[in-house]
Amino acid sequence: MTQTISPGVPSLPAGPPHPAGPAQRSSQEATAHGIGVGLLLLGLFLLGFAGYMFGLSGIQEARAQSTSYATLRAELGQQVAPLGATTPGSPVAILTIPAIGIKNMIVVEGTSPENLELGPGHVRDTPLPGQNGVAEIFGRGATFGAPFGRLTQLRRGDKLTVITGQGKAAYTSIAWGDSGHLVEDPAPNRLLLFTTCSALVPTTYCYLDAELTSPPQTDPGGRPEITSAETPLSGDSGALVLAMIWGLALVIISAAGTVAAHRWSPWLAYLVAAPLALAVLWNLYQSLAALLPNVY
């Protein structure tokens, strides 16, 4: 018998829509959980990097200063302290600026980001402080102990002294300049101290111009050319590859630790993986720090 459907009467669906099954809900929950864990780990990583840059790096710099001071003091006593070009990272001078609390601060050779992790650095293609000519020193203003963090508080007439293998040199601050306003000073023997203008956004550098007030010492010459990573506000692009390698190592250790925790004892897996992860994380942070402006 043929059944007819009256025109104008809409057909109804066979039944209510089926809710998501248990498998689909489980997949969605796992995805949301994975995203949440990923964001949490990213936040912890960035928080840890900030803690390293503005906290732990200062301890690292203080230790390097202590070691460098002992080294240079011994060299000065034996009269073998460097007078010209030397190995980057080696201590070359002792800087004192009473007006801002700097006393017996070690200046190392070189101004790459890695060199300035040890303290203020001498620009390698300029004479040492106290010698004939214009000597230049860079110092960080916010990280790794911020040795030049108060440099911009200096005023005209403030005194500076520097001790090298040739003796003590005295300077008097004359003027301030920055990356957009250079100081025009015709004095032949000067010292320029560079740092970041802002401890928050390191996009410009400021520098103090100080004139030598003690007799100039002889410059032996033979200065090397500097690289682009040794100019103000420069980072070391070569550290990017190293940072990627350390980042990959951290991922591998984390993955291996997670697998080991599921298959064997979680406590044993974490006990083995944690020291390795911390060591790799420290090196990763150092590599990332080298990418930032050197005077920051």
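Summary of the structure given here. (Residues numbered from 1 in each chain as written. Predicted model: local features only at pLDDT ≥ 70, side-chain atom pairs only at ≥ 80, totals over all residues. Heavy atoms only, no water.)

## Some details on the overall build of the chain
Counted only if it meets this: Here a helix means four or more residues in a row that DSSP labels H or I, a strand means two or more in a row labelled E, and each is numbered from the N terminus. Exposure classes here rest on a 1.4 Å probe applied to the protein chains alone. A residue is buried below 20% of its type maximum, exposed above 50%, and partly exposed in between. Only the protein chains shown count as cover for residues, with accessible areas throughout obtained via the Shrake-Rupley method and a probe of 1.4 Å.
Within the chain, the regular secondary structure consists of three helices and eight strands. Secondary structure elements in the chain, listed N-terminal to C-terminal, are α-β-β-β-β-β-β-β-β-α-α. Buried residues in the chain amount to 38% of all 296 residues. Of the roughly 16,400 Å² of accessible surface on the chain, 64% is carried by carbon and sulfur atoms.

## Notes on helix 3 (residues 266-289)
This is how it is decided: Every helix has an expected span of 1.5 Å times one less than the residues it contains. A residue's bend is given by the angle between axes fitted to the 7 residues ending at it and the 7 residues starting at it.
In a regular helix each residue adds 1.5 Å, so 24 residues correspond to 34 Å; helix 3 covers 33 Å between its end C-alpha atoms and thus fits that length. At Ala273, helix 3 shows its largest bend, some 30°, and a proline, Pro275, comes one to four positions later. Where helix 3 is concerned, the buried positions are Ala269, Ala273, Ala277, Val280, Leu284, Tyr285, Ser287 and Ala289.

## A short note on the state of the cysteines
Selection rule: Two cysteine sulfurs form a disulfide in these notes if their separation is within 2.5 Å.
Within the structure shown, the criterion is met by one disulfide. Here Cys197 pairs with Cys206 through a disulfide, and the sulfurs are 2.0 Å apart. Residues Cys197 and Cys206 share a disulfide whose torsion about the S-S bond is about 115°; that sign makes it right-handed. Classification of Cys197 as partly exposed rests on a relative accessible area of 30%.

## Details of the environment of Arg190
For clarity, the threshold we go by: Two N or O atoms form a polar contact when they lie within 3.5 Å of each other; inside protein one atom must be a possible hydrogen donor and the other a possible acceptor, and for residues adjacent in sequence the pair counts only when both atoms belong to side chains.
Secondary-structure assignment places Arg190 in strand 7 (residues 190-196). Arg190 sits 22 residues away from Leu212 along the chain, and the two C-alpha atoms are 5.4 Å apart. A polar side-chain atom of Arg190 sits 3.2 Å from a polar atom in the side chain of Asp209.

## Here's the deal with the packing of aromatic side chains
Two numbers describe a pair of aromatic rings. These are the distance of the centres and the angle of the planes. Let me state the cut-off plainly: Only the six-membered ring of Trp is used, alongside the rings of Phe and Tyr, when aromatic pairs are assigned; centres must lie within 6.5 Å, and planes under 30 degrees apart are stacked while those over 60 apart are edge-to-face, with the rest tilted.
Applying the stated criterion across every chain, the model contains nine aromatic pairs. Ring plane angle 20° and centroid distance 5.1 Å describe the contact between Phe194 and Tyr207, whose orientation is recorded as stacked. Taken together, the residues span a long stretch of sequence, with Phe194 in strand 7 and Tyr207 in strand 8 (residues 205-212) at a distance of 13 residues. Take Phe194: its relative accessible area is 6%, and that puts it in the buried class. On the basis of relative accessibility, which here comes to 6%, the residue Tyr207 falls in the buried class. Members of the aromatic cluster, each reached through a chain of ring pairs, are Phe45, Phe49, Tyr52, Phe144, Trp282 and Tyr285.

## Observations concerning the pattern of salt bridges
As a reminder, the rule being used: Salt bridges, as used here, are contacts in which a Lys or Arg side-chain nitrogen is within 4 Å of a carboxyl oxygen on Asp or Glu.
Applying the stated rule across the entire model yields three salt bridges. Residue Arg124 is joined to Glu230 by a salt bridge in which the shortest nitrogen-to-oxygen separation is 2.7 Å. Taken together, the positions of Arg124 in the loop between strand 3 (121-122) and strand 4 (134-138) and Glu230 in the loop between strand 8 and helix 2 (239-263) put the pair 106 residues apart, joining distant regions of the chain. What makes Arg124 buried here is its relative accessible area of 13%.

## What to know about the nonpolar core
Heads up, the rule is: In this description, a nonpolar core means a group of buried Ala, Val, Leu, Ile, Met, Phe, Trp, Tyr and Cys residues linked to one another through side-chain atoms lying within 4.5 Å. We call two residues in contact whenever any of their non-hydrogen atoms come within 4.5 Å of each other.
Ranked by size, the top nonpolar core spans 23 residues in total, and within it Ile97, Phe148, Leu160, Tyr171, Leu191 and Leu193 carry the most contacts. Of all the secondary structure elements, the ones that give two or more residues to this core are strand 1 (91-97), strand 2 (102-109), strand 4, strand 5 (159-164), strand 6 (167-178), strand 7 and strand 8. If you tally residues by element for this core, the top one is strand 1, at four residues. Sequence-distant contacts of Ile97, defined by excluding residues within four places in its chain, comprise Ile102, Leu151, Leu154, Lys159, Leu160 and Leu193. With eight residues, the next largest nonpolar core counts Leu116, Val123, Phe194 and Tyr205 among its residues.

## Considering unusual backbone geometry
In this structure, Gln79 takes a positive phi of about 60° despite not being glycine. Judged by its relative accessible area of 74%, Gln79 is exposed.

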